[in-house]
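What follows is the residue order along each chain.
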Amino acid sequence: MDLRDLEKVIKESEGGIEEKKENLISNMKKEGNPRHLFDSASALQLFLDRIPISSIPGLQNSASVVELKTGDTVRDAIRLLNDKDVFGAPIAGDTLFHSDSNVPQRGSDRYIGFIDLASMLLWCLEECLKDPIETNEDGSHGAGISGIFSMLEQNPNVGQTKVGELAKSFLWEPFFPVHLDDTLFHVLMLFAKHRIQVVPVIERFDSHVIGFVSQNAVIHLLLQSCGLEWFDSIANKALKDFRFESEGQAVSITGDQNLAEALKVLWEKRVDAVAVVDRGTGRLIGSIRRSDVYLLLDNDDLFFNRKSLKVEEFIRLEAIRREFDSDSDPIIERNLGALLAAGNLRLRNRFLPRMDSPVTNRKTDSLKQAMEDLAETKSYFSFLVDETGRVTGVLKLRDVITQFAPPSMDSTIDGGGFFHSALEQAGCHLEDGTLVCGN
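A brief report on the enclosed structure follows. (Residues numbered from 1 in each chain as written. Predicted model: local features only at pLDDT ≥ 70, side-chain atom pairs only at ≥ 80, totals over all residues. Heavy atoms only, no water.)

**Looking at the pattern of salt bridges**
We apply this condition: Note on definitions: salt bridges are taken to be side-chain nitrogens of Lys or Arg within 4 Å of carboxyl oxygens of Asp or Glu. Relative accessibility under 20% of the residue-type maximum defines a buried residue, over 50% an exposed one, and the middle range a partly exposed one, all with a 1.4 Å probe and only protein chains included.
Summed over the entire model, instances satisfying the criterion amount to 20 salt bridges. In this structure, D76 engages R75 in a salt bridge whose closest nitrogen and oxygen atoms are separated by 3.2 Å. Given the relative accessible area of 36%, D76 is considered partly exposed. Connected through shared salt-bridge partners, R75, D76 and E153 make up one network.

**Brief notes about the sheet that holds strand β10 (residues 381-385)**
The condition that has to hold: Two strands qualify as a pair provided that DSSP identifies no fewer than 2 bridges between them. Runs of H or I in DSSP of at least four residues are treated as helices and runs of E of at least two as strands, each being numbered from the N terminus.
Strand order in the open sheet formed by three strands is β9-β10-β11, and the pairing between neighbours is mixed. The strands lining the two open edges of the sheet, one partner per strand, are β9 (360-361) and β11 (391-396).

**Some details on unusual backbone geometry**
Unlike most non-glycine residues, R270 shows phi in positive territory, near 50 degrees. Along the chain, R270 turns up in the loop between α11 (259-269) and β7 (273-277). Positive phi is not limited to glycine here, since K378 has a value of about 60 degrees.

**Examining the nonpolar core**
Under the convention used in this document: Here, the term nonpolar core denotes a set of buried Ala, Val, Leu, Ile, Met, Phe, Trp, Tyr and Cys residues that are joined through side-chain atoms within 4.5 Å. Should any heavy atoms of two residues lie within 4.5 Å, those residues are counted as being in contact.
Of all hydrophobic cores here, the largest spans 61 residues; its most connected members are I78, M120 and I288. Sort the elements by how many residues they give to this core and helix α5 (residues 117-130) lands first, with eight residues. Sequence-distant contacts of M120, defined by excluding residues within four places in its chain, comprise L68, V74, A77, I78, L81, I115 and L166. In terms of nonpolar packing, the next biggest core, distinct from the first, is built from 49 residues, V178, L223, F231 and A405 among them.

**Considerations on the sheet that holds strand β6 (residues 252-254)**
Here is the rule: In this analysis, axes come from line fits to C-alpha atoms, helices being fitted only over the stretch in contact, and the angle between any two N-to-C directions falls in the range 0 to 180 degrees.
The strand order across the open sheet built from three strands is β6-β7-β8, with neighbouring strands paired in mixed fashion. Here the strands that pair on one side only, and so sit at the sheet edges, are β6 and β8 (284-289). Averaged over all pairs of adjacent strands, the angle between strand axes in this sheet comes to 30 degrees, irrespective of strand direction. In the sheet, β6 pairs with β7 via three bridges, with the strands oriented parallel.

**Observations concerning the packing of aromatic side chains**
Inclusion rule: To pair, rings of Phe, Tyr and Trp, with the six-membered ring standing in for Trp, must have centres within 6.5 Å; the planes then decide the type, stacked if under 30 degrees apart, edge-to-face if over 60, and tilted in the middle. Placement of a positive charge over a ring is assigned whenever Lys NZ or Arg CZ falls within 6 Å of the ring centre and within 35 degrees of the normal to the ring plane.
Counting across every chain of the model gives eight aromatic pairs. Here the aromatic rings of F231 and F404 are separated by 5.2 Å at their centres, their planes lie at 15 degrees, and the arrangement is stacked. Here F231 is found in helix α10 (residues 229-235), whereas its partner F404 is found in the loop between α17 (397-402) and α18 (417-425), with 173 residues between them in sequence. When sorted by exposure, F231 lands in the same class as F404, which is buried. Ring geometry for F242 and F244: centres 5.3 Å apart, planes at 20 degrees, overall stacked. Across the pair, F244 and F242 agree in class, each one buried. Three or more aromatic residues joined by ring pairs form one cluster here, namely F87, F114 and F212. The ring of F149 has R79 lying over it, and the distance from NZ or CZ to the ring centre is 4.0 Å. Note that R270 overlies the ring of W267, its terminal NZ or CZ placed 4.1 Å from the centroid.

**Observations concerning the environment of C226**
Examined against the element boundaries, C226 turns out to sit in the loop between α9 (215-223) and α10. The spatial distance from the C-alpha of C226 to the C-alpha of N236 is 9.8 Å, given a sequence separation of 10 residues.

**Thoughts on the environment of Y380**
Summarising the element assignment, Y380 is placed in the loop between α16 (367-377) and β10. Exposure remark for Y380: the relative accessible area of 22% places this residue in the partly exposed category. Here the alpha-carbon distance between Y380 and N216, two residues 164 residues apart in the chain, equals 6.9 Å. When near neighbours in sequence (up to four residues on either side) are disregarded, Y380 contacts D272, R289, R290, S291, L374, K396 and L397.

**Here's the deal with helix α8 (residues 184-193)**
In terms of burial, α8 is largely enclosed, as eight of its 10 residues are buried. All of the buried residues in α8 are L184, F185, V187, L188, M189, L190, F191 and A192.

**Remarks on the packing of helix α4 (residues 74-84) against α5**
The line we're drawing: Roughly parallel here means an angle under 35 degrees, roughly antiparallel means over 145, roughly perpendicular means 65 to 115, and every remaining angle is called oblique. Two helices cross in a left-handed way if the nearer one is turned anticlockwise from the farther one by less than a right angle. They cross in a right-handed way if the turn is clockwise.
Following both chains from N to C, one finds α4 and α5 inclined at 140 degrees, their axes separated by 10 Å at the closest point. Classified by the angle their axes make, α4 and α5 are oblique. For the element pair α4 and α5, the recorded crossing hand is left-handed. Contacts between α4 and α5 involve V74, A77, I78, L81 and N82 from the first element and L117, M120, L121, W123 and C124 from the second.

Right, here's the structure in full:
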């Protein structure tokens, strides 16, 4: 079977990634010739480039997508995302006309960025510390206003800041949209090349956002390639055989530090999560994620006591809350709709691991095992620990995705280990952004 035969089999196969994989394996077995006239890198790229985004379950059943505008105030933006229970939203310009003319913008120019609620909350907390104004003892400031919103009312220089102005603080993410007929390979490349949390999916006729593809959804889809030789050849390798970009970026605090200190670390280090370790043993006892910051909106006591509340107590309180916050069976929902979160950005995501039970892996685990752990828990990171339970590093979803992305030909990004391995086997390498083959 050569590359053209492979492309024909994949193209003619109906259904999603699982159906295409089974049909492909069946055809290879019928051929009975173990030698194939194509390299693994080309085969994987071809396979992923035939899996349409529309095959992601739940993506087209999304509820109306929440949008923010550059002219919205930070206070109103936080309130909107909190009320709608979404962790982030695309940012639309205030006008559909170019600023220097009356020419309408293209639909693809409607959105100019993406921002999440946690980033805005952490920014507000930090800015209010610069010129603090005492909040009423009971946290109130008028009817129905308390906690963080009271703080923003009393600090209008912070609360009335426009969302558009936050671009100066690098709180925006770039907006790289795709369409339903684009492919998994296209999405994989965007995640590998850019530091983005989600890839928006837009309609072709009006460019409105209809849903999002998450990094976790890509991991789910990649795992459906298990059994294909060119996927297994990299996924079955041990984590110690890779050099991950984020591996040495684990940030930790001790359980006896206060919550305010943890929030400050999240802001200053710009990390997705901090490991919480026992001061005496150094062992991992939990984690605090950026996405957990919303709890300060739900519970005013957490907000007002953040400077005295120890992190380990905060983690214990979250565990108790999760015990009593189970209005449905998470196991059933996770199995039936593992990818449904791709279509929305739920803020209060009860499928995420508890703070006292973060995902962990050993460097002797395979990449596939780490992918399965991340996919099952819907976590976006795993702490790498040694045999004593001490944190040695962190593995993020983007680190995993990058291993299945081809090396960039037009930037300084090196690409993933899968394609480097394939290039070496073919006697090729990258030199100054150019593919060089042969002697």
